Number of protein chains: 2
Amino acid sequence: MTRRSLGKALSCMAASGAFLDGAAQKKLVAPPGYTVVNMGGLQHLKPDKPEQIAMLIYPGMTALDLIGPQQAFGYTMGAKVHLIWKDLLPVESDTGVKITPTAKMKDLAEPVDLIFVPGGGKGTVALMSDAEVLDFLAAKGKTARYVTSVCSGSLVLGAAGLLRGYRATSHWAVREVLPTLEAIPASGRVVEDRNRITAGGVTAGIDFGLYLVAKLRGDDYAQALQLMLEYDPHPPFHSGTPEDARADIRDLATVMYAPLLKSAGLAAEARKTSWSNHP
Amino acid sequence: MTRRSLGKALSCMAASGAFLDGAAQKKLVAPPGYTVVNMGGLQHLKPDKPEQIAMLIYPGMTALDLIGPQQAFGYTMGAKVHLIWKDLLPVESDTGVKITPTAKMKDLAEPVDLIFVPGGGKGTVALMSDAEVLDFLAAKGKTARYVTSVCSGSLVLGAAGLLRGYRATSHWAVREVLPTLEAIPASGRVVEDRNRITAGGVTAGIDFGLYLVAKLRGDDYAQALQLMLEYDPHPPFHSGTPEDARADIRDLATVMYAPLLKSAGLAAEARKTSWSNHP
């Protein structure tokens, strides 16, 4: 389905007055910059101007951290989704997927509505001491309505100083690094503290994406998206958290992640030291 | 985490004999081409030679259909994951993500262990009458151990004649096209019939990816992956299937998908006619 066909269908529905007798819904209140519209009986927040969504991409990121929410944002009619990096050459994910940026950091002059950082491994730790990236995030984070991440992406937000004093989460294997970055670690698939919204590891990006679309456009819209994405998960095993996983599997995974945890911890210490020196 | 660090960790664990007292497990039996190895107490199927996994990518595909399973296959140590298209220029997804192929169809001469097709909208329907793509799939499908899809990708497998007489599923909105392609439509997040394994819409690709990894490497391996991907889904709403969604939302989505359903149905009819003419 294209956005055009979606738009056309919605116009037809609205014009015909179909579905106006839908289930009772709570009344939406439009935040500044939005109006409440009725699309075929569904309540929908329509932005006065398209939301600008800036998703950082970088070498070594975990592609699914990015694509989970990107699919949701990309299906959000009218929203402008930017994939941002230093240049426009393809960046390669931690599993070898090459994705082409759509804009350079330095060319994204306007404030954005949402800034987002996906996680990864070594590539993510590298960003924690990358001044160009951290300065970009700090600047955008000042004016963005939402400052967000999935997985270990929160460590990059943290290194940019954007989580100091905020509750936040991360991939379970590196969550303990957050306090070094002066964030308050929290468990939870999606953790919201004021305008900071961080999600857990990798697949949490899908829950996160729908959560954000609900904030931007209302619950009805997000529910329609959930149906489009056929998001009715049936994990084949019960092994998605350290608490749920079999003990030997959890222990093995913990050993596997030890080098990443160590390097992320060192990078966080270095950031903390720089804050002490330049408070 | 890199594959190298994973491999190193596993070697350490195996050498130390750690976790040999893990929970009782059912004994794995190695299929041809595999041996059962013990990795730190976990049972693991080790391939004699790396699995060759061919994932078709194409303009208009739904990126999340691809990246859900790609993340799982990409984390499967030693497996070789190819992103295949006609040429090596980036292809653009239905939400504007440009992904670079790693190999051309015509250069993938060897038989593959797994062939995979993601879904999408108009771009998917276009493939249903694309002789080059259909011939490639039909040829690879003859020798592949597993012939697979997520979402409307099954319509492309079907158009290639690979689902005739097989139970299969698709995105809920287009599942009814399957009988025209002589497949037996089935509901289910992941549907397996002999070596055909098809999954439901978009997000079903994550369940599918773990399911396939379990088949390739054993349940322990897939459970470790599930933990790495922190796959403990918490959908923010209960709206992931037509049965679960609110009636007005379902009706709206059905109207939205009507043009896609119609064009996919016509493409399927055309294939069926060509089969009648050249049985």
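The paragraphs below set out a description of the structure included in this document. From a predicted model like this one, the values you see are computed outputs, not experimental measurements. (Residues numbered from 1 in each chain as written. Chains lettered and ligands numbered in written order. Predicted model: local features only at pLDDT ≥ 70, side-chain atom pairs only at ≥ 80, totals over all residues. Heavy atoms only, no water.)

## Here's the deal with the overall build of chain A
Thinking step 1. Along chain A, the regular secondary structure elements total eight helices and 13 strands.
Thinking step 2. Considering chain A as a whole, with its 279 residues, one finds that 59% of them fall into the buried category. (Helix = DSSP H or I, 4+ residues; strand = E, 2+ residues; numbered from the N terminus. Buried < 20%, exposed > 50% of the residue type's maximum accessible area, 1.4 Å probe, protein only.)

## Some details on the environment of Gly161 of chain A
Thinking step 1. Considering the arrangement of structural elements, one finds Gly161 of chain A in the loop between helix H5 (153-159) and strand S10 (167-168).
Thinking step 2. Between the C-alpha atom of Gly161 of chain A and that of Leu137 of chain A, which follows or precedes it by 24 residues, the distance is 9.1 Å.

## Brief notes about the pattern of salt bridges
Charged atoms that come close allow side chains of opposite charge to pair.
All names here are of chain A.
Thinking step 1. The full count for this structure, using the stated rule, is 24 salt bridges over all chains.
Thinking step 2. Here Asp113 ties to Arg145 by a salt bridge, and the two come within 3.8 Å at their closest N and O atoms. One end of the pair, Asp113, is in the loop between strand S7 (103-104) and strand S8 (114-117); the other, Arg145, is in the loop between helix H4 (131-143) and strand S9 (146-150), and 32 residues separate them in sequence.
Thinking step 3. Taking the relative accessible area as the measure of exposure, Arg145 reaches 28% and is therefore partly exposed.
Thinking step 4. The salt bridge partner of Arg194 is Asp193, with a shortest N-O separation of 3.0 Å.
Thinking step 5. Residue class for Arg194 comes out exposed when judged on its relative accessible area of 54%.
Thinking step 6. Asp193 gets classed as buried once you look at its relative accessible area, which sits at 14%.
Thinking step 7. In this structure, a network of salt bridges that share partners links the residues Lys86, Asp130 and Glu132. (Salt bridge = Lys/Arg side-chain N within 4 Å of Asp/Glu carboxyl O.)

## Description of the sheet that holds S7 of chain A
Whenever strands of a sheet pair, they do so through backbone hydrogen bonds, lying parallel or antiparallel.
All names here are of chain A.
Thinking step 1. Pairing within the open sheet is mixed, and its seven strands lie in the order S7-S4-S3-S8-S9-S13-S12. Two strands bound the open sheet, and with one partner strand each, they are S7 and strand S12 (190-193).
Thinking step 2. Relative to S7, strand S4 (residues 80-85) runs parallel, the two sharing two bridges. Across the sheet, residue Ile84 finds its bridge partner in S7, namely Ala103.
Thinking step 3. Lying over the sheet, H4 contacts strand S3 (52-56), S4, S8, S9 and strand S13 (196-199), oriented at roughly 150° with respect to S8.
Thinking step 4. Across the face of the sheet, helix H6 (residues 204-217) comes into contact with S3, S8, S9, S12 and S13 while running at roughly 160° to S9. (Pairing = 2+ DSSP bridges. Contact = heavy atoms within 4.5 Å. Axes fitted to C-alpha atoms, helices over the stretch in contact; angles between N-to-C directions.)

## Side note on the interface of chain B and chain A
Thinking step 1. Taken residue by residue, the interface counts 81 residues in chain B and 81 residues in chain A.
Thinking step 2. Of the roughly 7,300 Å² buried where chain B meets chain A, counting both sides, 67% is carbon and sulfur surface.
Thinking step 3. On the chain B side of the contact with chain A, Leu227, Glu230 and Phe237 of chain B bury the most area, a combined 11% of that side's loss.
Thinking step 4. The interface formed by chain B and chain A includes two salt bridges.
Thinking step 5. Across the pair Asp220 of chain A and Arg246 of chain B runs a salt bridge whose closest N-O atoms are separated by 3.1 Å.
Thinking step 6. Scanning the region where chain B abuts chain A turns up 38 residue pairs in polar contact (both at pLDDT 80 or more).
Thinking step 7. Sorting the residues of the side of chain B that touches chain A by element identifies helix H1 (3-16), helix H2 (63-74), strand S6 (98-99), helix H6 (204-217), helix H7 (219-228) and helix H8 (247-277) of chain B as the ones contributing at least two each.
Thinking step 8. Broken down by element, the residue count for the side of chain B that touches chain A peaks at ten residues, all from H8 of chain B.
Thinking step 9. In terms of residue class, the side of chain B that touches chain A is built from 42 nonpolar, 24 polar and 15 charged. (Buried area = accessible area lost by both parts, 1.4 Å probe. Polar contact = N/O pair within 3.5 Å; in protein donor to acceptor, adjacent residues only side chain to side chain. Nonpolar A, V, L, I, M, F, W, Y, C, P; charged D, E, K, R; others polar.)

## Points about the relation of the copies chain B and chain A
Thinking step 1. Between chain B and chain A, the superposition needs a rotation of 180° and an axial shift of 0.0 Å, giving an RMSD of 0.0 Å. On this basis, the relationship between the two copies can be described by a two-fold rotation axis. Minimal C-alpha distance to the rotation axis in chain B is attained by Ile99 of chain B, lying at 2.4 Å.
Thinking step 2. Comparing interface residues between copies, 100% of those in chain B also sit at the interface in chain A, which points to an isologous, same-surface contact. (Least-squares fit on C-alpha atoms with pLDDT ≥ 70 in both.)

## Brief notes about the side chain of Arg196 of chain A
Residue and element names in this part refer to chain A.
Thinking step 1. By the secondary structure assignment, Arg196 is in strand S13.
Thinking step 2. One buried charged residue, Arg196, forms no salt bridge at all, with the nearest opposite charge on Asp193 at 8.2 Å.
Thinking step 3. Of the polar contacts made by the side chain of Arg196, one reaches the backbone oxygen of Leu162; its length is 2.7 Å.
Thinking step 4. In this structure the side chain of Arg196 is engaged in a polar contact, spanning 3.5 Å, whose partner is the side chain of Tyr166.
Thinking step 5. When neighbours within four sequence positions are excluded, Arg196 is seen to be in contact with Gly141, Val147, Leu162, Leu163, Tyr166 and Val191. (Lys, Arg positive; Asp, Glu negative; His and termini not counted.)

## Looking at the packing of H6 of chain A against helix H7 (residues 219-228) of chain A
Residues and elements named next belong to chain A.
Thinking step 1. Where H6 meets H7, the axes come as close as 7 Å, and the angle between the chain directions of the two elements is 145°. The hand of the H6/H7 crossing is right-handed. Contacts between H6 and H7 involve Leu210, Val213, Ala214 and Arg217 from the first element and Asp219, Tyr221, Ala222, Leu225 and Gln226 from the second.
Thinking step 2. Its residues placed into classes, the contact of H6 with H7 shows six nonpolar, one polar and two charged. (Left-handed = near helix turned anticlockwise from the far one by under 90°.)

## Side note on the nonpolar core
Thinking step 1. One finds Ile99 of chain A together with Ile99 of chain B to be the most contacted residues of the largest nonpolar core, which totals 186 residues.
Thinking step 2. If near-sequence neighbours (up to four positions away) are discounted, Ile99 of chain A is found in contact with Ile57, Met61, Leu66, Ile67, Leu83, Pro90 and Val91 of chain A together with Val97, Lys98 and Ile99 of chain B. (Core = buried A, V, L, I, M, F, W, Y, C linked by side-chain atoms within 4.5 Å.)

## Concerning the pairing of S9 of chain A
Within a regular strand, the side chains alternate between the two sheet faces.
Residue and element names in this part refer to chain A.
Thinking step 1. Extensive coverage of S9 is indicated by the burial of five of its five residues.
Thinking step 2. Of the two faces of S9, the one carrying Tyr146, Thr148 and Val150 and the one carrying Val147 and Ser149 are both buried.
Thinking step 3. Inspection of the sheet shows S8 paired to S9 by four bridges, in the parallel sense. When the bridges of S9 are listed, Ile115 appears paired with Val147.
Thinking step 4. With four bridges joining them, S9 and S13 adopt parallel strand pairing. Bridged to Thr148 within S13 is Ile197.

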